[in-house]
2 protein chains.
Amino acid sequence: MVNYSDILAAYSKVTKFKNSTLLQYSRTLSRMTGNQIYLKPENLQLTGSFKLGGAINVMMSLTEKQREKGVVTCSAGNWAQAVAYASRLFNIRSVIVMAENASRTKINATKGYGAEVVVYGRNSNDVVSKAMAISNSEGLTYLSPFEDDALIAGHGTIGLEILKEKPDTEVVFCPVGGGAFISGVALAIKEKSPEIKIIGVEPENANAMWLSLKQNSIVEKEHVDTIADGLALKKPGKKPFGLVQKYVDEIVLVTEDEIKKALVFLLERAKLLVEPSGAVTVAAIIANKINIKNKEVVAILSGGNIDLDKLVNFLKEEITSIKN
Amino acid sequence: MVNYSDILAAYSKVTKFKNSTLLQYSRTLSRMTGNQIYLKPENLQLTGSFKLGGAINVMMSLTEKQREKGVVTCSAGNWAQAVAYASRLFNIRSVIVMAENASRTKINATKGYGAEVVVYGRNSNDVVSKAMAISNSEGLTYLSPFEDDALIAGHGTIGLEILKEKPDTEVVFCPVGGGAFISGVALAIKEKSPEIKIIGVEPENANAMWLSLKQNSIVEKEHVDTIADGLALKKPGKKPFGLVQKYVDEIVLVTEDEIKKALVFLLERAKLLVEPSGAVTVAAIIANKINIKNKEVVAILSGGNIDLDKLVNFLKEEITSIKN
C-alpha cells in the first residue's frame, strides 16, 4: 500500500527530471469567484501533462533486470508520451499499444519521444490484451496506468509541490479519471495538512468514480462519452478507489459545455492551452459547484495535449456563442 | 540616462507585484535546432505581457503630486492593460486613449483593469495628440511608451531575471518594436555579462530599427503592415535607439509566415498562447536566422494577447498547410 513516505521518496528522485510548474495566480478567476485562485499548470510539464512524474517514478522503481528487458503499456494519450519520454531518460526499451482511432498527433509525439508504437484494436480491452500478450511473449514488464503504487506515489509529488509553494492552500481541485492522480495528490496533502479540502472533478458523462463513491463499491459504466478523453474511463482503478474513499472530500460533476467554456477561458485569459480533461477543475470553479468564498484555491490543470482541429472547433463554437 | 543600478533598483521594487515567469525548457525546439532552448514566457505575466514590470516601475517613480492627479497614455494593446493594472495597484487614476479600430477585447480588458478608456482617432498621431491634450487640460502626467528611463529600467528587470535563473545563458532573443524592451534587457545583461549575445528580432514588414542601425540614424518608415501588431512601429524611440546601438549584437528579420508558424508551434508543442509579436523570437530560432549550435539560448515570448478570431484563422491556415 502506498503511503506518505513513498511520495517523499518519489519527490526526491523525480523532481530534477521535470520542469517547474509554478502556480499562476489568476486575477480574473479570483475576481469572478470571490476567492484567490491559483492554477497549477501541468500542461507546461515536459510531454504536456502531469503523467511524467508518475512515469519516471515507475521507471526508477524497476529492477535492473526489468530495465534491461524493457516495458510495455497501452494508452491513447498522455500516459503514452510520459512513458516514452521517461523510458528514454533511462535507456529503457518501451513499447506502447495505441488503438487504431488514436490521434495521429499523439502517435507521432509518442514515436518522437523514442517509443515503439504498436497500433492495434479499437477499444480499451483490445489494447490491454495486446499489451499483455506482448509482455508475455517478449518478457517486457507491463505498466498499469492505474494500479501501481510507484505511479500513485509519483503523481503524489504534485501534491507536495503545491504544499511547498503555497502552504496556506485551503482547497485543491483535481481532475478524476481512473483516480490514480487524485489518489496521489490527496494522500500527499491530507497526510500533512488534513484541513485542506480535496475536490475531485469528473465529467457528468464519465462519472464512474462519483457513482462508485455513492454506492460504496466500484461501478462500471457501460458507456462513457466526453470531450475530456483523458477522463473517459468506464470504472475507477481499485487502489485509487480506496484512496479516494479515504482522502477525497467530494467529487463534483461538470457538463461538456462547462468544460469547453473553461478551456476557452484558460486560453484567452490565462494564455494556457489546456486539454478538456485539464480544464474540468476551472469548469467546476467557474460554475461554482461547491460554494466557497474568500478561500485560497488551487486548480490543477492536468495537461495540454489536444489536436489543433479540435481546438479550432471549440474556439469557433465559443466565438459564435459570444456573438449571439 | 538609464543605467544598471536603475535596473537593480527597479528589480527590488517591482518583483513582488508580478507573477514569476520561470524559463520553460523546450525539448522539441532544442532537438530541432541543436541547441538548448529555453522560453521566457512573459505571456504568463499578469495582464498577459512583459509590459507590466515597466508600467509598475513608472508608477513607483511618480511624485506624490503626480500620483494624486493621475496619468494618461495611449496604446492599442499591451501597454494599455499594463498601465491600467499598475495604476490600480497604487490607486492612481489612469486614462487610456485607444484608437477607434482597437480590438473590442483589448478595450474591455483595459476597462476591466480599472482604467478610463477614451476611444478616439484612427492612427498613432491621433491618439498621441488626444492623450497630450488630456494631459494638458486635466493635469494628468503623460506616460510615453518608449522615451522613459523608468520604463526601460522596469523592462530591464526581465534581463536580470534571466541572468539569475540561468547564468550560463549564451544567447538571448528579444522582440523589437519601439525598442524600449530590448534596450532594458540588453543593458541589464551586457553590463553584467558582456559575453552573452543579444539578438533582436523584427518583422521584415516593420523593420525600422534594423534600417536605423544600418544607416546609423533613426529611420521613419512610411508604412508598416504586420500581424505582429505590438511591433508595428514606424520608427524606434530615441533613447532605445542609442541603447540598442550600444548593447545589441544583431537584429534579424522574420517573415509573416515564419511568425504564424512559430505561433502555432508554441501553442501546439509548448502549450502557450503567444501573440504574433511574442512569437518572433521562436520564428527566428526555427528559421535559423543566426547560425548557432550547442548554445544555451533564451527566447523571450513577450506577450499573449491575441483575439480568438485571429487565432482561429492562423490555426486554420496552419492545419490546411499541414494537410496539403
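Residues numbered from 1 in each chain as written. Chains lettered and ligands numbered in written order. Predicted model: local features only at pLDDT ≥ 70, side-chain atom pairs only at ≥ 80, totals over all residues. Heavy atoms only, no water.

**A few points about the environment of Cys174(B)**
Residue and element names in this part refer to chain B.
- Within the element layout of this structure, Cys174 appears in strand β7 (residues 171–175).
- Taking the relative accessible area as the measure of exposure, Cys174 reaches 0% and is therefore buried.
- Cys174 sits 119 residues away from Lys293 along the chain, and the two C-alpha atoms are 18 Å apart.
- Leaving out residues up to four positions away in the same chain, Cys174 has contacts with Phe181, Ile182, Ile199, Gly200, Val201, Thr281 and Ile300. (Helix = DSSP H or I, 4+ residues; strand = E, 2+ residues; numbered from the N terminus. Buried < 20%, exposed > 50% of the residue type's maximum accessible area, 1.4 Å probe, protein only. Contact = heavy atoms within 4.5 Å.)

**Observations concerning the interface of chain B and chain A**
- In this complex, chain B contributes 33 residues to the contact, which on the side of chain A involves 33 residues.
- For the pair chain B and chain A, the two sides together bury roughly 3,000 Å², of which 62% comes from carbon and sulfur.
- In terms of surface lost to chain A, no three residues of chain B exceed Arg27(B), Lys271(B) and Leu308(B), which account for 24% of the buried area on that side.
- Linking chain B with chain A are zero salt bridges.
- For the pair chain B and chain A, the interface holds six residue pairs in polar contact (both at pLDDT 80 or more).
- Sorting the residues of the side of chain B that touches chain A by element identifies β1 (24–26), α2 (27–33), α5 (78–89), α6 (104–112), α12 (256–270) and α14 (308–323) of chain B as the ones contributing at least two each.
- Among the elements that line the side of chain B that touches chain A, the one with the most residues is α14(B), at seven residues.
- Residue composition of the side of chain B that touches chain A, grouped by class: 16 nonpolar, nine polar and eight charged. (Buried area = accessible area lost by both parts, 1.4 Å probe. Salt bridge = Lys/Arg side-chain N within 4 Å of Asp/Glu carboxyl O. Polar contact = N/O pair within 3.5 Å; in protein donor to acceptor, adjacent residues only side chain to side chain. Nonpolar A, V, L, I, M, F, W, Y, C, P; charged D, E, K, R; others polar.)

**What about the packing of aromatic side chains?**
- Inspection of every chain in the model, using the stated rule, returns eight aromatic pairs over all chains.
- Seen in terms of ring centroids, Phe17(A) and Phe90(A) are 5.4 Å apart; in terms of plane orientation they differ by 75°. Their pairing is edge-to-face. Remark: Phe90(A) occurs in the loop between α5 (78–89) and β4 (94–98) and Phe17(A) occurs in the loop between α1 (4–14) and β1 (24–25); sequence separation between them is 73 residues.
- Residue Phe90(A) is classed as buried on the basis of its relative accessible area of 17%.
- The ring of Phe90(A) has Arg67(A) sitting right over it, with the charged end atom 5.5 Å from the ring centre.
- Positioned over the ring face of Tyr120(B) is Lys130(B), at 4.7 Å from the centre of the ring. (Phe/Tyr/Trp six-rings, centres within 6.5 Å; stacked < 30°, edge-to-face > 60°. Lys NZ or Arg CZ within 6 Å of the ring centre and 35° of its normal.)

**A word on helix α8 (residues 149–165) of chain A**
Residues and elements named next belong to chain A.
- If you check α8, its first and last C-alpha atoms are 25 Å apart, about what 17 residues at 1.5 Å a residue would give, namely 24 Å.
- Judged by how many residues are buried, α8 sits mostly within the fold: 14 of 17 residues are covered.
- Here α8 starts with a cap whose side-chain oxygen sits 2.8 Å from the backbone nitrogen of Ala150, and that cap is Asp148. (Expected span 1.5 Å × (residues − 1).)

**Looking at the nonpolar core**
- If you look at the biggest cluster of nonpolar residues, it comprises 82 residues, and the most contacted ones within it are Leu39(A), Phe173(A), Leu311(A), Phe173(B) and Leu311(B).
- Ignoring any residue separated from it by four or fewer positions in sequence, one finds Leu39(A) in contact with Leu22(A), Leu23(A), Gln24(A), Ser26(A), Leu29(A), Leu266(A), Ala270(A), Leu272(A), Val282(A), Ala299(A) and Leu301(A). (Core = buried A, V, L, I, M, F, W, Y, C linked by side-chain atoms within 4.5 Å.)

**Looking at the sheet that holds strand β4 (residues 94–98) of chain B**
All names here are of chain B.
- A sheet is described by the order of its strands in space; here four strands give the open sequence β5-β4-β3-β6, paired in parallel fashion. At either margin of the open sheet sits one strand with a lone partner, and together these are β5 (116–119) and β6 (141–142).
- With four bridges connecting them, strand β3 (residues 71–74) and β4 associate as parallel partners. Bridge pairing in β4 places Val72 opposite Val95. (Pairing = 2+ DSSP bridges.)

**Points about the relation of the copies chain B and chain A**
- Superposing chain B onto chain A requires a rotation of 180° together with a translation of 0.0 Å along the rotation axis, leaving an RMSD of 0.0 Å. Taken together, the turn and the small shift mark the pair as related by a two-fold rotation axis. Considering only C-alpha atoms, the part of chain B nearest the rotation axis is Leu272(B), at 2.6 Å.
- With an isologous cut-off of 70% or more, the 100% of interface residues of chain B that recur at the interface of chain A puts this contact in the isologous class. (Least-squares fit on C-alpha atoms with pLDDT ≥ 70 in both.)

**Concerning the domain arrangement of chain A**
Residue and element names in this part refer to chain A.
- For chain A, the assigned domains read domain 1 (4–50 + 149–323) and domain 2 (52–142).
- Centre-to-centre, using C-alpha coordinates, domain 1 lies 24 Å away from domain 2.
- At the interface, 19 residues of domain 1 touch 20 residues of domain 2.
- A combined buried area of about 1,700 Å² lies between domain 1 and domain 2, and 59% of that area is made up of carbon and sulfur atoms.
- For the domain 1 face of the interface with domain 2, the top three residues by lost area are Phe17, Thr47 and Asp307, together amounting to 33%.
- Applying the counting rule to domain 1 against domain 2 returns one salt bridge.
- Across the pair Asp229 and Lys106 runs a salt bridge, and its minimum N-O distance is 3.4 Å. (Domains from an automatic or database assignment.)

**Side note on the packing of α1(A) against α8(A)**
Residues and elements named next belong to chain A.
- At a minimum axis distance of 8 Å, the contact between α1 and α8 shows a crossing angle of 85°. The orientation of α1 relative to α8 falls into the category roughly perpendicular. Facing α1, whose interface residues are Tyr4, Asp6, Ile7, Leu8, Ala10, Tyr11 and Val14, α8 presents Ala153, Gly154, Gly156, Thr157, Leu160, Glu161 and Lys164.
- Taken together, the residues of the contact of α1 with α8 break down into eight nonpolar, three polar and three charged. (Axes fitted to C-alpha atoms, helices over the stretch in contact; angles between N-to-C directions. Parallel < 35°, antiparallel > 145°, perpendicular 65-115°, else oblique.)

**Quick notes on the sheet that holds strand β10 (residues 296–301) of chain B**
Residue and element names in this part refer to chain B.
- The strand order across the open sheet built from six strands is β1-β2-β10-β7-β8-β9, with neighbouring strands paired in mixed fashion. In the strand order of this sheet, the two ends are held by β1 and β9 (250–254), each with one partner. Taking each pair of neighbouring strands and ignoring which way they run, the sheet shows an average axis angle of 30°.
- Pairing between β7 and β10: three bridges, direction parallel. Note on β10: the bridge partner recorded for Phe173 is Ala299.
- Running over the sheet, α12 touches β2 (36–41), β8 (197–203), β9 and β10 and is turned about 90° from β9.

**Notes on the pattern of salt bridges**
Residues and elements named next belong to chain B.
- Under the definition given, this model contains 30 salt bridges over all chains.
- Here Arg93 makes a salt bridge to Glu138, at a shortest N to O gap of 3.0 Å. With a gap of 45 residues between them, Arg93 in the loop between α5 and β4 and Glu138 in helix α7 (residues 124–138) connect regions that are remote in the sequence.
- Exposure remark for Arg93: the relative accessible area of 32% places this residue in the partly exposed category.

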